[in-house]
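Here is how the chains run, residue by residue.
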Amino acid sequence: MPKRLGVAVLGAATLLGREVVEGLHRRGFPLGELRLFDRGEFLGEGFETGEIVEDIEEARGQFDVVFCAAELGEDVFSRFEAAAFVDCTGRFALASDVPLVVPEWNPGALAALGSRRIVSSPDPVALALTVVLGPVRSVAGLRRVVATTIEPVSERGREGIEELERQAADLLSGREPRVEVFPHRVCFNVVPFSAGGAEKESEAAAQLRKLLGEAELPVSLTRTYGSLFYGTGISLHVELAENRPLGEIREVLRQAPGVLWTEELGLESSVAEALEHEATLVSRLREEGERSYALWVAVDNLRKGRALNAVQIAEILARERF
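Here goes a summary of the coordinates provided. (Residues numbered from 1 in each chain as written. Predicted model: local features only at pLDDT ≥ 70, side-chain atom pairs only at ≥ 80, totals over all residues. Heavy atoms only, no water.)

What follows concerns helix α8 (residues 303–320). In a regular helix each residue adds 1.5 Å, so 18 residues correspond to 26 Å; α8 covers 24 Å between its end C-alpha atoms and thus fits that length. When the local axis directions of α8 are compared, the greatest deviation, roughly 30 degrees, occurs at Asn 309. Taken across its 18 residues, α8 has 16 buried, putting it largely inside the fold. (Helix = DSSP H or I, 4+ residues; strand = E, 2+ residues; numbered from the N terminus. Expected span 1.5 Å × (residues − 1). Bend = angle between axes of the 7 residues up to and from the residue. Buried < 20%, exposed > 50% of the residue type's maximum accessible area, 1.4 Å probe, protein only.)

Here's what the structure looks like:
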């Protein structure tokens, strides 16, 4: 029988924190004590799974695993003793002494868990691109990656969801919608990440390079917000180092861990179909020239793209470290 582990979730009342808690219960993680911490209006709130949100400002404790589901000050970490901190926010993703892990691709990276005891879970876009491109790279190499995303408002948390809801109500009632969270109206629209969003694009590209072990790989990434609550779609173009027939690339993707090749199931990998899937959906693979391919990728940004990946990391730690 596996050891029961003490677990804490920081930022538990966020969209991501709630999904982490749900994932721990849904997947039967060997929970001993589970404590949830947040701040503000969520203090004292009860979860359907029985836990109560405690004040993160007064939080102290010793745990086996601590999930960080919100941007928190460095001092918060010093108040906890833990065998491992799982960073779900990407704050430490590019730190040279912090492993960045996608369990279907590089679980062995957890062996590099060092004295900081932090392991990072990547951006949902970097994660989806990794499970698709990693297996392809293994058989044909990569020369260049170009991707354009359509991402949901939930990437901006509750504020993003509330803005889309409010703008939809305003537009359908003939009112001028207020723009507060996003640089432009997001409802019934596609909005490129603002000037500051270039940093998010470069960060996701850098995470992809780190995950693939390709420090010099050319990656061009354009990110947009669409009129979606959840789920991310990616139009992906890749140039391979070696020429391979279309059928071979298709077979590689069909067998890739964490990938669901949807065309054989009669699906089209729409963003809506990706919701609540524990896999990255792939379809519409086509050849665009010698060594050049295009395909469509969809992933549940909140479930698989963030929370589930973090829980899977903790599952590996539970099997191999405790």
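Let us now look at the sheet that holds strand β2 (residues 31–38). An order of β3-β2-β1-β4-β5-β6 is seen for the 6 strands of this open sheet, with the pairing classed as parallel. The open sheet has two free edges, formed respectively by β3 (53–55) and β6 (118–120), since each of these has just one partner strand. Pairwise comparison of adjacent strand axes, ignoring direction, gives a mean angle of 30 degrees for this sheet. Two elements, β2 and β3, share 3 bridges in a ladder whose sense is parallel. Pairing of Leu 36 across the sheet is with Val 53, part of β3. Sitting on the sheet, helix α1 (residues 15–26) touches β1 (5–10), β2 and β4 (61–68), and the angle it makes with β2 is about 170 degrees. (Pairing = 2+ DSSP bridges. Axes fitted to C-alpha atoms, helices over the stretch in contact; angles between N-to-C directions. Contact = heavy atoms within 4.5 Å.)

Checked against the element boundaries, Glu 22 lands in helix α1. Relative accessible area serves as the criterion here: at 34%, Glu 22 is assigned to the partly exposed category. Glu 22 sits 285 residues away from Ala 307 along the chain, and the two C-alpha atoms are 9.1 Å apart.

Positive phi is not limited to glycine here, since Arg 117 has a value of about 60 degrees. In this fold, Arg 117 is placed in the loop between β5 (80–87) and β6. One non-glycine residue, Arg 284, adopts positive backbone phi at about 55 degrees. Looking at the element boundaries, Arg 284 is found in strand β12 (residues 280–289). Residue classification places Arg 284 among the partly exposed residues on the basis of a relative accessible area of 44%.

Together, Glu 41, Glu 159, Glu 162 and Glu 165 give the surface a local cluster of negative charge. Among the structural elements, Glu 165 can be located in helix α4 (residues 157–172). (Patch = residues over 30% accessible without salt bridge, like charges linked within 9 Å, V, L, I, M, F, W, Y side chains within 5 Å. Areas by Shrake-Rupley, 256 points an atom, 1.4 Å probe, with all protein chains shown as cover. Salt bridge = Lys/Arg side-chain N within 4 Å of Asp/Glu carboxyl O. Lys, Arg positive; Asp, Glu negative; His and termini not counted. Charge placed at Lys NZ, Arg CZ, Asp CG, Glu CD.)

Counting residues in hydrophobic clusters, the biggest one holds 44 residues, and the most contacted among them are Val 7, Val 9, Leu 24 and Phe 67. Elements with a minimum of two residues in this core: β1, α1, β2, β4, β5, α4 and α8. Per-element accounting of this core gives the leading share, 8 residues, to α8. Counting 40 residues, the second largest nonpolar core, distinct from the first, contains Leu 211, Leu 221, Val 259 and Leu 285. (Core = buried A, V, L, I, M, F, W, Y, C linked by side-chain atoms within 4.5 Å.)

Moving on: the sheet that holds β12. The strand order β8-β9-β7-β10-β13-β12-β11 describes an open sheet built from 7 strands, whose pairing is mixed. Lying at the two open borders of the sheet, with one neighbouring strand each, are β8 (190–192) and β11 (259–261). The average angle at which neighbouring strand axes cross in this sheet is 30 degrees, direction not considered. Bridging between β8 and strand β9 (residues 219–226) involves 3 bridges; their strand directions are antiparallel. Paired with Val 191 across the bridge in β9 is Tyr 225. Where helix α3 (residues 124–140) meets the sheet, it contacts β7 (142–151), β9, β10 (232–240), β11, β12 and β13 (292–299), and its direction lies at approximately 25 degrees from that of β10.

It is worth spelling out the layout of surface pockets at this point. Estimated volume of the largest pocket: approximately 1000 Å³. Ala 69, Glu 71, Glu 155, Arg 156 and Gly 157 are, among the 37 residues lining the largest pocket, the residues nearest its centre. Only α1, β2, α4, α5 (197–212) and β9 provide two or more residues apiece to the lining of the largest pocket. Tallying contributions element by element places α5 first for the lining of the largest pocket, with 4 residues. Taken together, the residues that form the lining of the largest pocket break down as 15 nonpolar, 7 polar and 15 charged. Lining of the second largest pocket is provided by Arg 18, Val 21, Glu 22, Phe 47, Glu 48 and Thr 49. (1 Å grid on protein atoms, 1.4 Å probe; cavity = no way out; pocket = protein on both sides within 12 Å on 5 of 7 lines; lining within 4 Å. Points joined across faces, edges and corners; volume = space filled by probe spheres on them. Nonpolar A, V, L, I, M, F, W, Y, C, P; charged D, E, K, R; others polar.)

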